[in-house]
Amino acid sequence: VWADDRNNDNSDIDVYTQRIDVFCNTLWSSPEEGGIPLCAADGAQQYIKVTYYSQNASVVVWEDKRYDEDTGDIFIQYIDMDGNLLLDEEGEAICTDVSNQIKPRVKADSQGTYIVWEDERYTIEESDIFVQRHVLGEGSIFVENGLGICTASNTQDQPRLTVDGNGGAYIVWMDERYA
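This text gives an overview of the structure that appears in the document.

Cut-offs used in this document
- Residues numbered from 1 in each chain as written.
- Predicted model: local features only at pLDDT ≥ 70, side-chain atom pairs only at ≥ 80, totals over all residues.
- Heavy atoms only, no water.
- Helix = DSSP H or I, 4+ residues; strand = E, 2+ residues; numbered from the N terminus.
- Rg over C-alpha atoms; globule rule 2.2 N^0.38 Å.
- Buried < 20%, exposed > 50% of the residue type's maximum accessible area, 1.4 Å probe, protein only.
- Contact = heavy atoms within 4.5 Å.
- Areas by Shrake-Rupley, 256 points an atom, 1.4 Å probe, with all protein chains shown as cover.
- Lys, Arg positive; Asp, Glu negative; His and termini not counted.
- Charge placed at Lys NZ, Arg CZ, Asp CG, Glu CD.
- Core = buried A, V, L, I, M, F, W, Y, C linked by side-chain atoms within 4.5 Å.
- Phe/Tyr/Trp six-rings, centres within 6.5 Å; stacked < 30°, edge-to-face > 60°.

### A few points about the overall build of the protein chain
Okay, step 1: Check the secondary structure of the protein chain and you find zero helices and 14 strands.
Okay, step 2: Helices and strands in the protein chain line up, N terminus first, as β-β-β-β-β-β-β-β-β-β-β-β-β-β.
Okay, step 3: Taking 179 residues into account, the globule formula puts the C-alpha radius of gyration at 16 Å, and the protein chain, at 16 Å, falls close to it.
Okay, step 4: Overall size of the protein chain, expressed as C-alpha extent along the three principal axes, is 50 × 40 × 30 Å.
Okay, step 5: Burial analysis of the protein chain (179 residues in total) assigns 48% to the buried set.
Okay, step 6: Sequence separation of 24 or more characterises 42% of the internal contacts of the protein chain that already satisfy a separation of 6 or more.
Okay, step 7: Entry remark: accessible area of the protein chain is about 9300 Å², with carbon and sulfur atoms responsible for 46%.
Okay, step 8: For the protein chain, the centre of its 12 positive side-chain charges and the centre of its 35 negative side-chain charges are spaced 7 Å apart.

Okay, structure coming up:
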């Protein structure tokens, strides 16, 4: 997956994807076609991450500026092994709080997807760490716009995560609360 401005300018960036087999053959389009669109909504879609979901699908998350070019939201899409999108054509919102949400990360297994991101909803320019769990066919599991994992004073950023194999996740981040 990647951010692509082939049809627009730098303020209107789309998400494209391609599946490649073990012999380096492209499966969803020719190399000249350069992949298929995963999200072509207005505004910039950037900071795209992808991970394995199941034997039948992968999951993609990104920072999305379709509603406001100055603040990011977090979106998700599942794509099957044939290149079919499994949610609405432009993805599904994970967090659209009016503040800035940036730099999502994603990990998943067949029990669900965890998405973490940096969020400025409590203090502008001092981010906190938020998370959402999403299950294909069920939607978001936690509270609307995500659950605050760490909202301590000063900045928390650069979250990373992994699933634990039992339906949960481990989340770590940089923390400046004692700086």
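Having put the structure on the table, let's press on.
### A few points about the nonpolar core
Okay, step 1: Ranked by internal contacts, the top residues of the largest apolar core, which has 16 residues, are Tyr53, Val59, Ile76, Ile115 and Trp117.
Okay, step 2: Sorting the residues of this core by element identifies strand E5 (57-64), strand E6 (73-80), strand E7 (92-95), strand E8 (101-109), strand E9 (112-119) and strand E10 (128-135) as the ones contributing at least two each.

### Looking at the packing of aromatic side chains
Okay, step 1: Tallied over the full model, the rule gives seven aromatic pairs.
Okay, step 2: Arranged with centres 6.2 Å apart and planes meeting at 45 degrees, the rings of Tyr67 and Phe75 form a pair that is tilted.
Okay, step 3: Residue classification places Phe75 among the buried residues on the basis of a relative accessible area of 2%.
Okay, step 4: Seen from their ring centres, Tyr122 and Phe130 are 6.0 Å apart, and the 40 degrees between their planes marks the pair as tilted.

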